[in-house]
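Given next are the chains, with one letter for each unit.
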Amino acid sequence: MGVIGSVKGWFQLHMVLGVLGPLLVLYHSNFSLGAANSNAALFAMLLVSGSGVFGRYFYTRIHHGLYGRRATHEELRKSAAELREKVSGSQFVPELLEQISAAEQRLLRRRSGSLALLLWPIYVSGRMLLERWQLRRFAHQQLRAAAAANPVLAKQHRTFESAVRRYIGRRLDATRRVAEFESYERLFSLWHVLHLPLFFLLLIAGIVHVIAVHVY
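Since this is a predicted model, take the numbers as computed values, not measurements.

Engineer: Would you mind showing me how to read the overall build of the chain here?
Structural biologist: Broken down by element type, the chain carries 7 helices and 0 strands. Starting at the N terminus, the α and β elements of the chain follow one another as α-α-α-α-α-α-α. The buried share of the chain, reckoned over its 216 residues, is 29%. Summing over all exposed atoms, the chain offers an accessible surface of approximately 14200 Å²; the carbon and sulfur share of this is 64%.

Shown next as structure tokens:
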């Protein structure tokens with residue numbers, strides 16, 4: 001069906017109408033509740049548009065950008081591995097590199113069970129923030145001690161520390177995406193199963209509302 005438009009184009013239109021439609025419906029209802037049939041249509045619309053917000057979030061977690069192609073677990077792992085290899089041969093602050101590797105292993109240590117799978121992104125995000133704070137604190141202490149013993153390094157201390165902080169953030173963020181990917185795939189699948197019935201509910205409620213208004 002490519003002759004009638006690309007998937008990206010239809011997806012953009014879907015999102016625009018998904019925002020514009022509810023606004024027009026709210027304006028149509030005068031931002032107030034009415035009869036039972038109109039209330040059913042209104043709340044069905046709010047459910048569909050509200051679920052779309054969650055779907056958009058899940059979508060961007062398993063795709064390359066909002067309109068990009070779907071990512072794979074292997075791609076994310078390869079990207080994280082390439083980032084690790086960039087400084088794998090560095091002998092400066094080797095303790096920091098060991099600490100980062102240990103933090104990555106803790107982030108990738110998955111819990112078993114369906115509930116754990118669904119709640120995993122929340123845990124990983126919180127754990128990543130804690131690990132990043134601890135690593136940056138450790139790096140600050142190590143670099144300050146190194147700068148005190150090396151006058152040349154002392155002149156570039158702030159610049160180097162800023163680069164190290166960015167590197168820590170990029171490493172942990174890449175690992176977080178790997179750790180979360182499977183959970184977001186499952187969440188997106190479950191969301192899609194829910195979003196479609198809600199759409200049909202909205203369609204039926206809208207038809208009933210139009211018929212009821214003209215009959216009564």
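Engineer: Just checking my understanding: could you explain the pattern of salt bridges for this structure?
Structural biologist: Opposite charge on two side chains lets them pair, provided their charged atoms get close. Applying the stated rule across the entire model yields 5 salt bridges. With a closest N to O distance of 3.0 Å, Glu 131 and Arg 127 form a salt bridge. Residue Glu 131 and its partner Arg 127 are located together in helix H5 (residues 114-149), separated by 4 residues, close to a single helical turn. A residue is classified by how much of its surface remains accessible, and Glu 131, at 2% relative accessible area, is buried.

Engineer: Help me understand the packing of helix H4 (residues 94-108) against helix H7 (residues 157-215), please; the structure alone is not making it clear to me.
Structural biologist: Here H4 crosses H7 at 20 degrees, and the two axes come no closer than 9 Å. On the basis of their axis angle, the class for H4 and H7 is roughly parallel. Here the hand of the crossing between H4 and H7 comes out right-handed. Facing Leu 96, Leu 97, Ile 100, Ser 101, Ala 103, Glu 104, Leu 107 and Leu 108 of H4, the residues of H7 in contact are Val 164, Tyr 167, Ile 168, Arg 171, Leu 172, Thr 175, Val 178 and Ala 179. Each residue belonging to the contact of H4 with H7 can be placed in one class, and the counts come to 12 nonpolar, 2 polar and 2 charged.

Definitions and cut-offs
- Residues numbered from 1 in each chain as written.
- Predicted model: local features only at pLDDT ≥ 70, side-chain atom pairs only at ≥ 80, totals over all residues.
- Heavy atoms only, no water.
- Helix = DSSP H or I, 4+ residues; strand = E, 2+ residues; numbered from the N terminus.
- Buried < 20%, exposed > 50% of the residue type's maximum accessible area, 1.4 Å probe, protein only.
- Areas by Shrake-Rupley, 256 points an atom, 1.4 Å probe, with all protein chains shown as cover.
- Salt bridge = Lys/Arg side-chain N within 4 Å of Asp/Glu carboxyl O.
- Axes fitted to C-alpha atoms, helices over the stretch in contact; angles between N-to-C directions.
- Parallel < 35°, antiparallel > 145°, perpendicular 65-115°, else oblique.
- Left-handed = near helix turned anticlockwise from the far one by under 90°.
- Contact = heavy atoms within 4.5 Å.
- Nonpolar A, V, L, I, M, F, W, Y, C, P; charged D, E, K, R; others polar.

Remember, this is a structural readout, not a statement about activity or role.
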